[in-house]
Amino acid sequence: MSRMPVLYLSHGAPPLADDPVWTDELARWAAELPKPEAVLMVSAHWEEAPTTLSATRPVPLVYDFWGFPERYYRVRYDAPAAPELAADVRALLPGTRQDDERGLDHGAYVPLVEMYPDADVPVLQMSMPTLEPERLFEVGRALAPLREQGVLIVGSGFTTHNLREMRPGADAAPPAWSAEFDAWTDAAVAAGDVDALLDFRAKAPAARIAHPRTEHFAPLFVALGADAEGGTGADASARRSVIDGYWFGLAKRSFQFG
């Protein structure tokens, strides 16, 4: 069984699934990866303490958005449940609880529909118990052994996320704050500068504009923690930006580790 990489991807709002560029990028990315035994999703849209796991039986998706056309609420993604993965996560993170009513939210299923459209890979979602970068990094470190079991760990957020400052038009040029923060993040990841990334509120340009609230950047810290070779001096070829560009001025940059 091959050791799986770790991903951080920018998932966007449900209409991003109508963007042929983004959907093709995700599909090609998934095709380049080894087929996972299961996927563990950490989405910006589920904060709950203690750490909580989604249902391991068939339940409806969580349509956690408002004001969109009806067709977005009819999307289905009937991926198999992952009870064995849930048991492994609970063993690695003592105190983790299970919510047998919680389905996948749009931060999980929107990208997975494009990456694994046959819904043939078991999926489990995990809540973020905090937004504190160092604590999320340690959560990722605890989850790292799952990679040896063929589990694809995915942090799903958005590299810049300020809905009040979105530009009109899906192909709009980014505002300076979005471009600057995106470039800084790309450089810090390429350099393996985990310390700077964990302290991004103080170190990154325009951090408080790019993320007025940090939940969409927070899944990156779980991914960094799960990347056992993610520190400074590691082989840079094991870290790469796979998707870049902007959507309504927000940076959709996405990374692969390992």
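Whatever comes next refers back to the structure up there.
Residues numbered from 1 in each chain as written. Predicted model: local features only at pLDDT ≥ 70, side-chain atom pairs only at ≥ 80, totals over all residues. Heavy atoms only, no water.

Engineer: Help me out: how do you make sense of the nonpolar core in this one?
Structural biologist: The tendency in soluble globular proteins is for nonpolar side chains to be buried side by side. V89, Y116 and L143 are the most contacted members of the largest nonpolar core, which totals 76 residues. Of all the elements, helix α9 (residues 219-226) adds the most residues to this core, at six residues. Among all residues touching V89, those that are not within four sequence positions of it are L40, L53, L124, M126, L143 and L146. (Core = buried A, V, L, I, M, F, W, Y, C linked by side-chain atoms within 4.5 Å. Buried < 20%, exposed > 50% of the residue type's maximum accessible area, 1.4 Å probe, protein only. Helix = DSSP H or I, 4+ residues; strand = E, 2+ residues; numbered from the N terminus. Contact = heavy atoms within 4.5 Å.)

Engineer: Looking at this structure, I do not really get the environment of A13. What am I missing?
Structural biologist: Within the secondary structure layout, A13 lies in the loop between β1 (6-10) and α1 (20-32). Given a relative accessible area of 23%, A13 falls into the partly exposed group. In this structure the C-alpha to C-alpha distance between A13 and H106, which are 93 residues apart in sequence, comes to 7.7 Å. In contact with A13, not counting residues within four places along its chain, are F68, H106 and W247.

Engineer: Would you take a moment to explain the packing of α1 against helix α3 (residues 106-115) for this structure?
Structural biologist: The N-to-C vectors of α1 and α3 enclose an angle of 70°; their axes lie 7 Å apart at closest approach. Looking at the two axes, α1 sits roughly perpendicular to α3. Note on packing geometry: the crossing formed by α1 with α3 is right-handed. Within the contact between the two elements, α1 uses W22, T23, L26, A27 and A30 and α3 uses V110, P111, E114 and M115. A per-class count over the contact of α1 with α3 returns seven nonpolar, one polar and one charged. (Axes fitted to C-alpha atoms, helices over the stretch in contact; angles between N-to-C directions. Parallel < 35°, antiparallel > 145°, perpendicular 65-115°, else oblique. Left-handed = near helix turned anticlockwise from the far one by under 90°. Nonpolar A, V, L, I, M, F, W, Y, C, P; charged D, E, K, R; others polar.)

Engineer: Even after reading the chapter, I still don't get the layout of surface pockets, so can you show me in this structure?
Structural biologist: One way to see where empty space is left: roll a probe the size of a water molecule over the atoms. Reported here for the largest pocket is a volume of approximately 360 Å³. As for the largest pocket, its lining consists of 18 residues, of which A13, H45, H106, H161 and L163 are closest to the centre. Broken down by class, the residue content of the lining of the largest pocket amounts to ten nonpolar, six polar and two charged. What the second largest pocket holds in volume is close to 300 Å³. What lines the second largest pocket is a set of 18 residues, among which R57, P58, V59, Y77 and A79 lie closest to the centre. For the lining of the second largest pocket, a count of residues per class yields twelve nonpolar, two polar and four charged. (1 Å grid on protein atoms, 1.4 Å probe; cavity = no way out; pocket = protein on both sides within 12 Å on 5 of 7 lines; lining within 4 Å. Points joined across faces, edges and corners; volume = space filled by probe spheres on them.)

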